[in-house]
Amino acid sequence: MRPSFRALAVAALLLSSVLAAPVLAMPAGTAPDAGSLAAGSTEAAGVDDGGAPDVIEAPTSDVESDVESDGIREGGESLAAGHAARPRSAASDGDRIHLRNALRQASPNGEYAVTTRVTMPDRVTELRLSLPSQAKNVEATGFTKQDGEWVWDGETDGPTLEYRMPANQTTRDGGPLAGEGNYLFVDVGDWAIVRPPGIGVGYAWIGTQPTVERRNVVDGDGAASEAMAYLGDHETYTHEANGQEFRLIVPDAADLEESPDAIFESLGHAAGALQVGDRDSTVFLIAAPTSRVGWGVRGLQTGDTDAWVRDTERLATADNVWVHEYVHTRQGFRTATSGKWFTEATATYYAALLPLERNRIGFDAFRDVLARGEADPQASAVLADPGTWENNAQYTKGALVAGDIDRRIRLATDSSRTLTSVFRDMNAHDDPIRNEDVLGAVADASTTSVTDEAERLTTTEATASAWDRETHNEAFGQQPARIVFSIDDPDAVVATGEFGTRSIDRNPVRLVTGETLRVAVTVENTGGTTGEYDLSLVVDGEAVATRTGRLDAGNATVETFERTFEKPGEYEVQTDGQRLTVVVSEPAPLTVSDLTVEPETITAGETVRVSGIARNDATIPGKANVTLTVDGERTVLEPIRLGAEDRTVFRRDLTLETAGEVTITVGNRSRTITVTEPEPSTTRTASDGAIPGLGPAVAAVALLAASLLASRSGRSGR
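Residues numbered from 1 in each chain as written. Predicted model: local features only at pLDDT ≥ 70, side-chain atom pairs only at ≥ 80, totals over all residues. Heavy atoms only, no water.

1. Considerations on the overall build of the protein
The following threshold applies: Helix and strand assignments come from DSSP, with helices taken as H or I runs of at least 4 residues and strands as E runs of at least 2, each series counted from the N terminus. Contacts: residue pairs with any heavy atoms within 4.5 Å of one another. All accessible-area figures derive from a Shrake-Rupley calculation using a 1.4 Å probe, and residue coverage is judged against the displayed protein chains alone.
Helix and strand counts for the protein stand at 11 helices and 43 strands. For the protein, long-range pairs separated by at least 24 residues make up 70% of all intrachain contacts whose partners lie at least 6 apart in sequence. Summing over all exposed atoms, the protein offers an accessible surface of approximately 28900 Å²; the carbon and sulfur share of this is 43%.

Here you go:
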């Protein structure tokens, strides 16, 4: 959902789309050199670097990462900004380069095998791949190695690279949510949790630029997503809540302390409480076995929505790692140095607040989490200056300050605004957020005095104090606004256009070209105070329309979006996590039977009747044109339109002015009649601009005015 794009110039045109896979480090110079591809006036070159493919080398066979240098979110921190390649608009397979990584277990332990296969449209003229530096035992089909890159031979269909990757990666410091060991990813033999390889893609093409679509799969038992994969026997559990699907992978080797249902309940509550935007359609979670592995952290989130959490983690705790990880998946922003504190501060704060809201923990446990930020050396850190942080102050003092800002905003606005308002503003930023941006959002959400206090707490060594229960009740006792979106009404999703307004199924939504998708989203405030909402219609990751508003407690409204689809293809449409897959096709052709044209011989200026039965056997609307062919010139008249799985008896009266053989076609049927010249005394002259073969009156009124008798015969006889 959060792709970033960079533009480069190579000859006439060079577009580079950076759709990164997760990486521990991003060394300079790892992206392919697009400039090495020649680009003529109609040929262009592009790069999709897949994320920097290198990782930090460790002194042992494991790949080791450092918390501070690599920005690992311990207990929920992302390894780096990683994004699956998604098309910027719906495209057919002919518009995409497909890069598919098939992962599988391999010997010896500590390694996994990968087969990378590429399929591409014919207009791609050159292709090169840059594998991670740790890839070994590379076997190529259709590629040759040149200057460290794998260059396609230009002839092989579906070229492949087969290679091995190190599975084990470790950390030296797990931070405040450290585990007992040091592993981040590991292969123990009968199962593994690994990070798929980041692969750079450089290519040249002729004509329209293709996009790169990446997919990770498991060859054998396992499950894979954008930035994580599990290899081995497992069970998959799924759950939908608040417009998101949660996919939980439970290895056979795992021994979950909590049931999948309980985990889903906790995450579903978090999904509803965090009205902060940036809601992905699917969240991918792995329950990491602990019986044979000492993990370096209690949980790890990477990419957009992928995470693992130790199987021993509990829900009724103020350090709820399941929620901590989930909060990170909702952070769609990037951070500059001064805004870096906001990432871990909010994840830690909400991991304590949300269980408290569900009465899963007591107030004292919640307060204890915040009170960690009162002690030195964390308390003396300046949150906007990471160089002053000690003992992971972003988690401790950061959570305390985030909570204090939340409390003050609630008091200043009678709980109509909360810290989620600030969070939502950060997700709307295109540029990396600075502390100044956080303060600006606080100012927009509350008052000058609250903003001044937030500035003092984030830019100086001053810290807040963890508040008592009475103070908490004053600010949090009244239930805040809770905005819920839904498209549950049967008529909430309809199609409009030349086939009228029609209800449609949603799995998937099927439209025909030119139709408009209309989505009516019910917005309801189920909380206790007035609240604001920000709702967008997102098509293939791009917001195409936005609605904002305020709702009093207990009230609801409906926001309607419309989007017309002119081109065939598959589109992903979302409204705050309510997701629809939209498949657009050309209208279905009609089957025509019993086509008659009477009489078969007429004199120019006379009328014939065209009749028959039209049937649409498809599950989408269809149409058939009525056409005339005179002296090789084809004229298309008004079409016959039918809904899905419908039929009709049609009649058309046509006045024909031009003598000769006239072929009348409807759908898949044709009839030819003879039009003779009239007697000289009755010769008529067609008006200028008349349709060949048609009289002026017919040309002006679409030929059908008096005789269009398209009476339906119902749905019998299909």
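Next comes the rest of the description.
2. Some points on the packing of helix α4 (residues 341-357) against helix α5 (residues 363-371)
Here is the rule we go by: Lines fitted to C-alpha atoms define the axes, with helix axes restricted to the stretch in contact, and inter-axis angles between N-to-C directions lie between 0 and 180 degrees. Put simply, angles under 35 degrees are roughly parallel, angles over 145 are roughly antiparallel, angles from 65 to 115 are roughly perpendicular, and the rest are oblique. Residues are sorted three ways: Asp, Glu, Lys and Arg are charged, Ala, Val, Leu, Ile, Met, Phe, Trp, Tyr, Cys and Pro are nonpolar, and all the rest, Gly among them, are polar.
Closest axis-to-axis distance for the α4/α5 pair is 9 Å, and the angle between their directions is 170 degrees. The orientation of α4 with respect to α5, classified from their angle, is roughly antiparallel. Only F363, F366, V369 and L370 of α5 make contact with α4, whose side of the interface consists of T348, Y349, A352, L353 and L356. The class makeup of the residues in the contact of α4 with α5 is 8 nonpolar, 1 polar and no charged.

3. Description of the packing of aromatic side chains
Defined as follows: Only Phe, Tyr and Trp rings are paired, with Trp represented by its six-membered ring, and only when their centres lie within 6.5 Å; those with planes under 30 degrees apart are stacked, over 60 edge-to-face, the remainder tilted. Categorising residues by exposure relies on relative accessible area from a 1.4 Å probe, with only protein chains included: less than 20% of the type maximum marks a residue as buried, more than 50% marks it as exposed, and the intermediate range marks it as partly exposed.
Counted by the stated rule, this structure contains 16 aromatic pairs. Seen from their ring centres, F246 and Y326 are 5.7 Å apart, and the 50 degrees between their planes marks the pair as tilted. Residue F246 is found in strand β20 (residues 244-251), and its partner Y326 is found in helix α3 (residues 321-329); the two are separated by 80 residues along the sequence. Overall, F246 belongs to the buried group, its relative accessible area being 0%. Centre to centre, the rings of F485 and Y533 are 6.4 Å apart; their planes meet at 80 degrees, and the pair counts as edge-to-face. Taken as a pair, F485 in strand β24 (residues 483-486) and Y533 in strand β29 (residues 531-539) lie far apart in primary sequence, 48 residues in all. Taken as a pair, F485 and Y533 share a single burial class, namely buried. Joined through ring pairs, the aromatic side chains of F333, W341, F342, Y349, Y350, F363, F366, F423, W467 and F476 make up one cluster.

4. Points about the pattern of salt bridges
Definition in use: Definition used for salt bridges: Asp or Glu carboxyl oxygen within 4 Å of a side-chain nitrogen of Lys or Arg.
Applying the stated rule across the entire model yields 31 salt bridges. E532 is the partner of R424 in a salt bridge, and the nearest nitrogen-oxygen pair spans 3.0 Å. Linking R424 in helix α7 (residues 419-427) with E532 in strand β29, this pair joins segments that are 108 residues apart in sequence. With a relative accessible area of 23%, E532 lands in the partly exposed category. Salt bridges linked by common partners bring D404, R407, R408, E453 and R456 together as one network.

5. Topic: α7
The buried fraction of α7 amounts to 8 of the 9 residues, a majority that puts the element mostly inside the structure. Of all the positions in α7, only L419, T420, S421, V422, F423, R424, M426 and N427 are classed as buried.

6. Some words on the confidence of the model for the protein
Inclusion rule: Within a predicted model, pLDDT stands for the predictor's per-residue confidence, ranging from 0 to 100.
Averaged over all residues, the pLDDT of the protein equals 83, while 81% of them reach at least 70. This model gives residues 1-43 a pLDDT under 50, and the stretch forms 135 contacts once residues within four places in sequence are excluded. Low confidence marks residues 686-718, where pLDDT is under 50. Its contacts with residues over four positions away, or in another chain, come to 62 contacts.

7. Re the environment of T530
Filter applied, for reference: Polar contact is defined as a pair of N or O atoms within 3.5 Å, subject to the rule that within protein one atom must be able to donate a hydrogen and the other to accept it, and that residues adjacent in sequence are counted only when both atoms are side-chain atoms.
With respect to the secondary-structure elements, T530 resides in the loop between β28 (516-525) and β29. Each C-alpha atom, one on T530 and one on R417, is 8.5 Å from the other, the two residues being 113 residues apart in sequence. One polar contact links T530 to D552, side chain to side chain, over a distance of 2.8 Å.

8. Overview of unusual backbone geometry
The step from S107 to P108 runs through a cis peptide bond, and the omega angle for that step is 0 degrees. Tracing the chain through its elements places P108 in the loop between β5 (96-105) and β6 (111-119). Geometrically, the link from E598 to P599 is a cis peptide bond, its omega value of -5 degrees lying close to zero. In this fold, P599 is placed in the loop between β34 (591-598) and β35 (601-603). Residue D278 is not a glycine yet carries a positive backbone phi of 50 degrees. Here D278 lies in the loop between α2 (260-273) and β21 (282-288). What makes D278 buried here is its relative accessible area of 15%.

9. Notes on the side chain of N101
Structurally, the position occupied by N101 is in strand β5. Residue contacts for N101: discarding those within four places in its chain leaves V114, T115, T116, Y163, P197, I199, R215, N216 and V217.

10. Points about the nonpolar core
What counts, and what does not: By convention a nonpolar core is built from buried Ala, Val, Leu, Ile, Met, Phe, Trp, Tyr and Cys residues, the set being connected through side-chain atoms within 4.5 Å.
Counting 71 residues, the largest nonpolar core has W322, W341, F342, Y349, Y350 and F366 as the members making the most contacts within it. Sort the elements by how many residues they give to this core and α4 lands first, with 11 residues. Residues in contact with F342, not counting those within four places in the same chain, are Q331, F333, L419, V422, F423, M426, I433 and V438. Listed in part, the 30 residues of the second largest apolar core include I97, L127, A135 and V218.

11. Digging into the pairing of strand β15 (residues 200-206)
The line we're drawing: Between any two strands, pairing holds if DSSP finds at least two bridges.
In terms of burial, β15 is largely enclosed, as 6 of its 7 residues are buried. Across 6 bridges, the pairing between strand β7 (residues 124-130) and β15 is antiparallel. Note on β15: the bridge partner recorded for R128 is G202.

12. Comments concerning the sheet that holds β6
The 5 strands are arranged β8-β11-β6-β5-β16 in an open sheet whose pairing can be described as mixed. Single-partner strands in this sheet number two, and they are β8 (136-141) and β16 (211-218). When the angles between neighbouring strand axes are averaged without regard to direction, this sheet yields 20 degrees. Bridging between β5 and β6 involves 8 bridges; their strand directions are antiparallel. Note on β6: the bridge partner recorded for R100 is R117.

13. Overview of the packing of helix α8 (residues 435-445) against helix α9 (residues 448-459)
The geometry of a pair of packed helices is captured by two quantities: the angle between their axes and the separation between those axes. For the record, the criterion: Handedness of each helix crossing follows the sense of rotation of the near helix against the far helix: counterclockwise by less than a right angle gives left-handed, clockwise gives right-handed.
At a closest axis distance of 9 Å, the pairing of α8 and α9 adopts a crossing angle of 155 degrees. If you check the angle between α8 and α9, you find them roughly antiparallel. As for how α8 packs across α9, the hand of that crossing is right-handed. When α8 is examined against α9, the residues N435, L439, V442 and A443 are found in contact with a partner set consisting of V450, T451, A454, E455, T458 and T459. Here the contact of α8 with α9 is built from residues that sort into 5 nonpolar, 4 polar and 1 charged.

14. Regarding the sheet that holds strand β43 (residues 669-676)
If you walk across this open sheet you meet the 5 strands as β35-β43-β42-β38-β39, and the pairing is mixed. Two strands close off the open sheet at either side, each with one partner strand: β35 and β39 (633-636). Across the sheet, the mean angle separating the axes of adjacent strands is 25 degrees when strand polarity is ignored. Pairing geometry for strand β38 (residues 626-630) and β39, over 4 bridges, is antiparallel. Considered in β39, the bridge of V630 is made with E633.

15. Let's talk about the environment of K136
Its location among the elements puts K136 in strand β8. On a C-alpha basis, the gap between K136 and Y163 in space is 5.7 Å, while along the polypeptide they are 27 residues apart. Apart from residues no more than four positions distant in its own chain, K136 is found in contact with E111, Y163 and R164. A distance of 2.4 Å separates polar atoms of two side chains, one belonging to K136 and the other to E111.

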